[in-house]
Amino acid sequence: MARLHEHQAKGILSRAGIATPRGRVATSPDEAAHAAEDLGRPVVVKIQAFTTGRKAMGGVAFADDPNQASAHAHRMLGMSVGAFPVREVLVEEQLPPQREFFVSLTIDDKARAPLLLLAASGGSGVEDRAREVARIPCSVHTGPDAAAMESFTKSASLTGDSKAKFLDTISKLFRAARDADARSLEVNPLAILADGRIVALDCRATIDDYAVFRHPEFGIEIARELDHPPTDLERTAYRVEQDDHRGTFFFAQMATQPAPGAKGLAGFHGAGGGGSMMCMDAIVNEGFTIANFTDTSGNPSAAKVYRAARIILTQPGLCGYFGSGSGVASQEQFWSAYGLAKAFWELDLDIPAVIRLGGNTEDRAVAILHAAREGLTAPIEGYRKTDTPAFIASRFAELVAQSHARPWHPRPPRRPAFVGVPHAAKFPIAGGTLWIDPTAWKTSAPAIVANSSGLLRDDHGKPSITVTPEDLAKKDSELIACEVECRILGIDGIFVELDIPGLGTSTAEDAEFR
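Just so we're clear, the structure is a prediction, and the values are computed from it rather than from any experiment.

Draft legend 1. Focus on the overall build of the protein. Within the protein, the secondary structure is distributed over 15 helices and 26 strands. With the C-alpha coordinates aligned to their principal axes, the bounding extent of the protein is approximately 90 × 45 × 45 Å. Out of the 514 residues belonging to the protein, those deemed buried represent 53%. A sequence separation of at least 24 residues applies to 70% of the contacts in the protein between residues at least 6 apart. Split by element, the accessible area of the protein, about 22,500 Å² in all, is 52% carbon and sulfur. Charged side chains in the protein number 54 positive and 64 negative. The centres of these two groups are separated by 2 Å.

Rendered as structure tokens:
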């Protein structure tokens, strides 16, 4: 599910004809003061963050004048929710409610139908009043069940004009949620004011992942459920996933600093959602803070795993790289090993790496990692499915303690000297370029050809391809394997240069999770 901020969700309501308080978003204390001045009345200032309980954390405050609004905004824009700084506040007119209701439209997965939740008392703490919440079944075509709505309005003592306005608002809210492809749309509170108006004082919404493409008006950058606005690295990772549908790749940043008393900040790379969660628990139980959650599964390409590793290692301050998944993944693990080996070599990895590649071809995968680590200063160890997450997490802790390495400092990837020079042979591939050194080809062509999966041949002393350029462009994983195997043999004559649009070495923005 893709989350929306309160002001975005209220935009859905406003377009559906549901009243919301006048107000606007501010990104600085001055903007907050101007907004309050333009409203010309007492205002409420609220952080815009994907969280509940904002008032309890100081994220909601009332102001009688623009100076107070500016002061509140100054304080709130210095707050962080989890590891993520607050970047926006919503400044709205205060509208004292006469009555408050809790309204939430969601999807009942068991019934495969919309469900309306209603309570005659809204505001904070509704979770503690679950017995008071009515469950109203809904038809996706006609909306909430009329008889159930009649029963609720009677129990809530709504009559006459108030009842008619309430029912009309609920009907509009249902249509708004349906038209927006919302998985949930919650208004808490929905208020009846002293003058009889019904106004949505607060609102939050999530949009179905698979429907985001239909709603460019929401400006959703990543069609996934995150607890924060996307960071630059998350945008880069999502672009990788969208451009390469071989397997899946999920990346979310979680922390930029180790927690007080932690052994360090670990880069995490999982394979298989449930197994990844289990392995995250193992590394946390060893006393580490997780910098990110990453999952590459579903038989990912070597190129996708390579890009995932590069993105993980763009995060500064890591004490090590911990990779582990389910241990029974039905995917060819040697492709992941090739992708990791390439990334570790390019970045000249100098922090410990422990990788559990349990599943199909795990022996080959571990052998690749161990052979490819030659020449790197980092201790890199590969493990199989018979090695438990707790064991490899313990081994990771030992290597971190023994290494005395400085925290990871992101760096540009290294390239062989022949990459980019005019005399080198080059062939375009999907998202990059294959480079071959003519000098190395003269002495090592048979070995390069033997490791090329039948894609290359020697043409009178020059490298040539055995397939069409269109077919070669799809063989990035096989060519990565060729590069790694040749490097293991001591041949520095072939290199796969892969683009990762938007990826730098490190930025202050990602260091602060802007």
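Draft legend 2. Representation of the packing of aromatic side chains within the structure. Tallied over the entire structure, the rule returns 14 aromatic pairs. Ring geometry for W345 versus F495: centroids 6.4 Å apart, planes at 55°, classification tilted. Of this pair, W345 sits in helix α9 (residues 333–346) while F495 sits in strand β26 (residues 494–498), and the two are 150 residues apart along the sequence. The residues W345 and F495 share a single accessibility class, namely buried. Taken together, the ring pairs in this structure connect F250, F268, F288, F293, F322 and F396 into an aromatic cluster. The side chain of K342 reaches across the aromatic face of Y306, ending 5.3 Å from its centre. Across from the ring centre of F495, 3.9 Å away, lies the NZ or CZ of K342, which sits over that ring.

Draft legend 3. Representation of the sheet that holds strand β3 (residues 43–47) within the structure. Overall, antiparallel pairing links the four strands, which are arranged β2-β7-β3-β4 in an open sheet. Only two strands of the sheet have a single partner each, and these edge strands are β2 (23–26) and β4 (60–63). Mean inter-strand twist for the sheet, computed between neighbouring axes without regard to direction, equals 20°. The sheet contact formed by β3 and β4 spans four bridges and is antiparallel. Bridge pairing in β4 places V44 opposite F62. On the sheet, helix α1 (residues 6–15) packs against β2, β3 and β7 (89–93) and is oriented at approximately 50° with respect to β7. Lying over the sheet, helix α2 (residues 29–39) contacts β2, β3 and β7, oriented at roughly 170° with respect to β2.

Draft legend 4. Examining the packing of helix α6 (residues 232–243) against helix α8 (residues 302–312) more closely. Relative orientation of the contacting elements α6 and α8 amounts to 180°, with a least axis distance of 11 Å. Here α8 runs roughly antiparallel to α6, going by the angle between their axes. The residues of α8 that touch α6, namely those facing L233, T236, A237, V240 and E241, are K304, R307 and I311. Residues of the contact of α6 with α8, tallied by class, amount to four nonpolar, one polar and three charged.

Draft legend 5. Structural context of the sheet that holds strand β19 (residues 318–324). Overall, parallel pairing links the five strands, which are arranged β17-β16-β19-β20-β21 in an open sheet. With one partner strand each, in any of the chains shown, β17 (289–290) and β21 (380–383) form the two edges of the open sheet. Taken together, the five bridges between strand β16 (residues 265–269) and β19 define a ladder with parallel strand orientation. By the bridge assignment, A266 is partnered in β19 with G320. Where α8 meets the sheet, it contacts β16 and β19, and its direction lies at approximately 165° from that of β16. Strands in contact with helix α10 (residues 362–372) are β20 (353–356) and β21; relative to β21, the strand with the most contacts, it is inclined by about 175°.

Draft legend 6. Local environment of the pattern of salt bridges. Scanning the entire structure with this criterion turns up 35 salt bridges. Residue E381 is joined to R395 by a salt bridge in which the shortest nitrogen-to-oxygen separation is 2.8 Å. Taken together, the positions of E381 in strand β21 and R395 in helix α11 (residues 389–403) put the pair 14 residues apart, joining distant regions of the chain. Here the salt bridges do not stand alone but share partners, grouping R310, K342, E346, R415, E483, R487 and E497 into one network.

Draft legend 7. Empty space enclosed by the protein, seen in detail. Taken as a whole, this structure holds two cavities of 30 Å³ or more when the rule is applied. Counted as a void, the largest cavity has a volume near 100 Å³. Lining the largest cavity are 15 residues, and of these H269, G270, A271, T296 and L357 sit closest to its centre. Mapped onto the lining of the largest cavity, the elements with two or more residues apiece are β19, α9 and β20. No other element matches the three residues that α9 contributes to the lining of the largest cavity. Across the lining of the largest cavity, the residue classes break down as five nonpolar, nine polar and one charged. The volume enclosed by the second largest cavity comes to roughly 50 Å³. Surrounding the second largest cavity, I222, R224, L226, E234, A237, Y238, F250 and F251 form its lining. At the level of elements, α6 and β15 (248–253) are the ones that each hand at least two residues to the lining of the second largest cavity. No other element matches the three residues that α6 contributes to the lining of the second largest cavity. The residue inventory of the lining of the second largest cavity, partitioned by class, reads six nonpolar, no polar and two charged.

Reading the values: the criteria
Each chain carries its own residue numbering, running from 1 in the direction its sequence is written. Per-residue local features are limited, in this predicted model, to residues with pLDDT of at least 70; the limit for side-chain atom pairs, both in listing and counting, is 80 or more; totals at the level of whole chains, interfaces and linings are taken over all residues. To obtain the side-chain values, all non-hydrogen atoms of the structure were used and water was disregarded. Strands here are runs of E lasting at least two residues and helices are runs of H or I lasting at least four, both read from the DSSP assignment and numbered beginning at the N terminus. Note on exposure labels: buried denotes an accessible area under 20% of the residue type's maximum, exposed denotes more than 50%, and partly exposed covers the range between, all computed with a 1.4 Å probe on protein chains only. Only heavy atoms matter for contacts: two residues are in contact if any of them lie within 4.5 Å across the pair. We get accessible surface area from the Shrake-Rupley algorithm with a probe of 1.4 Å; when it comes to residues, only the shown protein chains can shield them. Positive charge is attributed to Lys and Arg, negative charge to Asp and Glu, and no charge count is given to His or to the chain ends. Charged groups are reduced to one reference atom each: NZ for lysine, CZ for arginine, CG for aspartic acid, CD for glutamic acid. Whether two aromatic rings pair depends on their centres lying within 6.5 Å, for rings of Phe, Tyr and Trp, where Trp uses its six-membered ring; planes under 30 degrees apart make the pair stacked, over 60 edge-to-face, and the rest tilted. Two conditions define a charge located above a ring, namely a distance within 6 Å from the ring centre to NZ of Lys or CZ of Arg, and an angle within 35 degrees of the ring normal. The pairing criterion is simple: DSSP has to find at least two bridges between the two strands. Think of each axis as a best-fit line through the C-alpha atoms, taken over the contacting stretch in the case of a helix, with angles from 0 to 180 degrees between the N-to-C directions. Throughout, the term roughly parallel applies to angles under 35 degrees, roughly antiparallel to angles over 145, roughly perpendicular to angles from 65 to 115, and oblique to all others. Side-chain classes follow a simple rule in which Ala, Val, Leu, Ile, Met, Phe, Trp, Tyr, Cys and Pro form the nonpolar group, Asp, Glu, Lys and Arg form the charged group, and the remainder, Gly included, forms the polar group. Salt bridge, as applied in this entry: a Lys or Arg side-chain nitrogen positioned within 4 Å of an Asp or Glu carboxyl oxygen. Think of a 1 Å grid over the protein atoms and nothing else: a 1.4 Å probe that fits but is trapped marks a cavity, an open set flanked by protein within 12 Å on at least five of seven lines marks a pocket, and residues with an atom within 4 Å of a point count as lining. Grid points are joined across faces, edges and corners, and a volume is the space filled by probe spheres set on the points.

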